[in-house]
Amino acid sequence: MGNLLKVLTREIENYPHFFLDFENAQPTDCERDVWNQVNAVLQDSESILSGLQAYKGAGQEIREAIQNPNDMILQERAWNSVCPLVIRLKKLYGFSLRLERALQSLLESLTCPPYTPTQHLEKEQALAKQFAEILHFTLRFDELKMRIPAIQNDFSYYRRTISRNRINNMNLDIEREVNNEMANRMSLFYAEATPMLKTLSTATTNFVTENKTLPLENTTDVLSTMASVCKVMLETPDYTCRFNSEDTLLFCMRVMVGVIILYDHVHPNGAFNKSSKIDMKGCIKVLKEQPADNVEGLLNALKFTTKHLHDESTPKNIRSMLQ
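Residues numbered from 1 in each chain as written. Predicted model: local features only at pLDDT ≥ 70, side-chain atom pairs only at ≥ 80, totals over all residues. Heavy atoms only, no water.

Enquirer: Looking at this structure, I do not really get helix α14 (residues 280–288). What am I missing?
Expert: Given 3.6 residues per turn, any residue in an α-helix points the same way as the ones three and four places further on. Every buried residue of α14 is listed here: Met280, Gly282, Cys283, Ile284, Val286 and Leu287. Buried residues belonging to α14 abut α11 (216–235), α13 (247–266), α15 (292–304) and α16 (316–321). (Buried < 20%, exposed > 50% of the residue type's maximum accessible area, 1.4 Å probe, protein only. Helix = DSSP H or I, 4+ residues; strand = E, 2+ residues; numbered from the N terminus. Contact = heavy atoms within 4.5 Å.)

Enquirer: For this particular structure, what's the right way to read the environment of Leu249?
Expert: With respect to the helices, strands and loops of the structure, Leu249 is situated in helix α13. In this structure, the C-alpha to C-alpha distance between Leu249 and Thr28, residues 221 residues apart in sequence, is 25 Å. Contact partners of Leu249, with chain neighbours within four places excluded, come to Leu234, Thr240, Phe243 and Gln290.

Enquirer: What is the right way to read the nonpolar core from this model?
Expert: Side chains that are nonpolar tend, in soluble globular proteins, to be buried together. Judged by nonpolar contacts, the single largest core of 101 residues is most densely connected at Phe22, Phe131, Phe141, Tyr158, Met226, Ile260 and Leu287. Here this core takes 16 residues from helix α4 (residues 72–111), the largest share from any one element. When residues are assigned to domains, this core turns out to be shared by domain 1 (21–191) and domain 2 (214–322), each giving three or more. When near neighbours in sequence (up to four residues on either side) are disregarded, Phe141 contacts Ile48, Leu49, Leu52, Leu92, Phe189, Pro195 and Met196. (Core = buried A, V, L, I, M, F, W, Y, C linked by side-chain atoms within 4.5 Å. Domains from an automatic or database assignment.)

Enquirer: Would you explain the side chain of Thr306 in this entry?
Expert: Take Thr306: it is sitting in the loop between α15 and α16. Given the relative accessible area of 13%, Thr306 is considered buried. Within the structure, the side chain of Thr306 is placed 2.5 Å from the backbone oxygen of Leu302, a separation counted as a polar contact. In this structure Thr306 touches Ile261, Asp264, His265, Phe272 and Ala301, once residues within four positions along its chain are discounted. (Polar contact = N/O pair within 3.5 Å; in protein donor to acceptor, adjacent residues only side chain to side chain.)

Enquirer: Looking at this structure, I do not really get the confidence of the model for the protein chain. What am I missing?
Expert: A low pLDDT means the predicted coordinates there should not be read in detail. The share of residues in the protein chain with pLDDT of 70 or more is 91%, and the mean pLDDT across the chain is 87. Between the elements of the protein chain, mean pLDDT differs from a low of 72, seen in helix α8 (residues 172–177), to a high of 96, seen in helix α1 (residues 32–42). Considering only residues more than four positions removed or in separate chains, one finds that residues 1–17, a stretch of pLDDT under 50, has 35 contacts. (pLDDT = per-residue confidence, 0-100.)

Printed below as a string of structure tokens:
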């Protein structure tokens, strides 16, 4: 384990032997408490994605109800179609809150003294793997959500209709499940183009803000180190050939993009600045060398969900690579 991850510096070529085992890392006794806590969340992630992928919406019923406002049968049909969907959307939103807490637990473990962030990643590879799994899930969730406009349409209809339905008591059960305060929070979540990334970015920013005695570099160095590890693993055949599954390649790409986005939101100068500890040119180059179908969403995530891409300090060649 000790030789798997060397200290990463700007002269990264001088340290060629590092590999983060995303496929097989197992928790040590020191990691187990946090690992179990995070695992309880992650074990639900696939069912959350399956539920999102299967989301069909109530567009037809809503259109018919809007076109025939005096037909109470159609009004009730639309309402009865939307209510279970709103319950499902509440479950997805609730999972984002669980994921936020899990991320903050991992950040506490991977940044605490006396170890450096790089030493943490070396010694606690199972936690690093879970951190990566959260990012992998997040980008998959957001890619799916962007393809389902029915989510916002259904929820908008629910919010428009709930006060009107109060007259005829159609909504009493659903209002106990999703009251006005919950509906407001859910509305803000689903209004985001990439709601899970927004959740993680905010959670990471809040973690830094709330831990004032912890140097900012402890957090940003964890993120930049993971980005560097993923980049080198992706561009080094000796490492990619160790992957047991082709899916691990895409996993690495998603993790690399996820930590770049978090770094860009948390570091005052962002990920694209010349002073950044992330080799953005190298990271983008690695992505562009992959099949276009695999990376289009990831390149779009760098373009549209980062904070500092369009800063004056961002080199022109980096901006042009993402155009």
